[in-house]
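Chain by chain, the residues run as shown.
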Amino acid sequence: MVDTLTVHLSRGELHEVEPATADFETSGRFEVAFVNHGRAAHVHVHPDDALARGVRVAETNLFVETDSRRVVGVEVPDGPRPLRGALAFSAGYGAGEATVDVGLVEDSDPDLPVDETLAEPAPADDAGSPLEGVLSAESLPVLGLGAVALVLAVGAALAIGDAVVVAGALAVLAGVAVALYSLLGD
């Protein structure tokens, strides 16, 4: 939704400029709606130096027909926030003037709906693979050393064939199993 700043022209007397508010805040693009209650008028829109850093008025010199309404867009590109400045209006080549203080604020109401469920922690996902903890960057060196030890122990047991070597290979196998259990437990 685009915010609108309404400025009345010639409501009481010719070339009178009367903003609907003296202070206007917005978080993004907005419009200035000129409502002319009298004869046609030339209107000039000018942001002061502070506000000119944060806005671009689509049309700064315009003509508003008799008893009509004219809307001018004001773009607010990404830039410093908060930013405050003034938007000056003059009608009838300076015969009537007015200023509105404009504040550009952070968007406090994004288009994304937010509810109370975002404040609660997400439920734990137990559907993950049991190997997720094992295949982390910290556990890969341990797994590599365990695999090398297991290959050496099995190779020695097969090559030598002695009962003591087979018992040692079984001890290495038990050590690797304990290490895997430890990794899966974290």
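Our subject is the structure listed above.
Think of each chain on its own: its residues are numbered from 1, step by step along the sequence as written. In keeping with the predicted nature of the model, local features appear solely for residues at pLDDT of at least 70, side-chain atom pairs appear and are counted solely at 80 or more, and the whole-chain, interface and lining totals rest on all residues. To obtain the side-chain values, all non-hydrogen atoms of the structure were used and water was disregarded.

Some points on the overall build of the chain
Thinking step 1. Where helices and strands are cited, they refer to DSSP runs of H or I of at least four residues and of E of at least two residues respectively, numbered from the N terminus. Broken down by element type, the chain carries three helices and 10 strands.
Thinking step 2. Secondary structure of the chain in N-to-C order comes out as β-β-β-β-β-α-β-β-β-β-β-α-α.
Thinking step 3. For every residue, the accessible area obtained with a 1.4 Å probe (protein chains only) is divided by the maximum for its type, and the residue is called buried under 20%, exposed over 50%, and partly exposed between those limits. Classification of the 186 residues of the chain by burial places 30% in the buried group.
Thinking step 4. Accessible surface area values rest on a Shrake-Rupley calculation with a 1.4 Å probe, where residue burial reflects the displayed protein chains alone. Of the roughly 11,900 Å² of accessible surface on the chain, 58% is carried by carbon and sulfur atoms.

What to know about the sheet that holds strand E10 (residues 96-104)
Thinking step 1. A strand pair is defined by DSSP finding two or more bridges across the two strands. Taken together, the five strands give an open sheet; going across it, the order is E3-E10-E9-E5-E7, and neighbouring strands pair in mixed fashion. Two strands close off the open sheet at either side, each with one partner strand: strand E3 (23-26) and strand E7 (61-64). Strand-to-strand, the axes of this sheet are offset by a mean angle of 25°, without reference to chain direction. Interaxial angles span 0 to 180 degrees and are taken between N-to-C directions of axes, which are lines fitted to C-alpha atoms, for helices over the stretch in contact.

Quick word on the sheet that holds strand E1 (residues 3-9)
Thinking step 1. With mixed pairing, five strands are arranged side by side in an open sheet as E2-E1-E4-E8-E6. Each edge of the sheet is formed by a strand with only one pairing partner; in this case those strands are strand E2 (17-19) and strand E6 (56-57).

Quick word on a nonpolar patch on the surface
Thinking step 1. Note on patches: the residues involved have over 30% relative accessible area and no salt bridge, like charges join within 9 Å, and the nonpolar side chains Val, Leu, Ile, Met, Phe, Trp and Tyr join within 5 Å. In what follows, salt bridge is the name for a side-chain nitrogen of Lys or Arg lying within 4 Å of a carboxyl oxygen of Asp or Glu. A cluster of nonpolar residues, Val166, Leu170 and Leu173, forms a patch on the protein surface that exposes about 250 Å² of accessible area.
Thinking step 2. Counting through the fold element by element, Leu173 comes out in helix H3 (residues 163-185).

Here we look at the environment of Ala58
Thinking step 1. Looking at the element boundaries, Ala58 is found in the loop between E6 and E7.
Thinking step 2. Taking the C-alpha atoms as reference points, Ala58 and Glu31, 27 residues apart in sequence, are found 9.6 Å from one another.

With respect to the nonpolar core
Thinking step 1. Judged by nonpolar contacts, the single largest core of 26 residues is most densely connected at Phe30, Val32, Phe34, Leu87 and Phe89.
Thinking step 2. At the level of elements, E1, strand E4 (30-36), strand E5 (41-47), E7, strand E8 (69-75), strand E9 (83-91) and E10 are the ones that each hand at least two residues to this core. By nonpolar core is meant a set of buried Ala, Val, Leu, Ile, Met, Phe, Trp, Tyr and Cys residues that side-chain atoms within 4.5 Å join together.

Quick notes on the environment of Leu158
Thinking step 1. Mapped onto the secondary structure, Leu158 falls in helix H2 (residues 140-160).
Thinking step 2. The class for Leu158 is exposed, based on a relative accessible area of 71%.
Thinking step 3. In the structure, Leu158 is positioned 11 residues away from Ala169 in sequence and 9.7 Å away in space, judged by C-alpha atoms.

Here we look at the side chain of Asn36
Thinking step 1. Inspection of the secondary structure assignment puts Asn36 in strand E4.
Thinking step 2. Look at Asn36 and you get buried, because its relative accessible area is 3%.
Thinking step 3. Separated by 3.0 Å, the side chain of Asn36 and the backbone nitrogen of Gly38 make a polar contact.
Thinking step 4. Only 2.9 Å separates the side chain of Asn36 from the backbone oxygen of Arg39, close enough to count as a polar contact. Distance and chemistry together define a polar contact, namely a pair of N or O atoms within 3.5 Å, with one atom able to donate a hydrogen and the other to accept it when in protein, and with adjacent residues in sequence counting only for side-chain atoms on both sides.

Concerning the pattern of salt bridges
Thinking step 1. Summed over all chains, the structure comprises six salt bridges.
Thinking step 2. The closest approach of N and O atoms between Arg11 and Glu18, which form a salt bridge, is 3.5 Å.
Thinking step 3. Note on Glu18: relative accessible area 32%, which makes it partly exposed.
Thinking step 4. Residues joined by salt bridges that share partners form a network here, namely Asp23, Glu25 and Arg84.

Considerations on the environment of Thr21
Thinking step 1. Mapping Thr21 onto the fold places it in the loop between E2 and E3.
Thinking step 2. By the convention used here, residues are in contact when the closest approach between their heavy atoms is within 4.5 Å. When near neighbours in sequence (up to four residues on either side) are disregarded, Thr21 contacts Leu5 and Val100.
Thinking step 3. Side-chain polar atoms of Thr21 contact the backbone oxygen of Asp23, separated by 2.9 Å.

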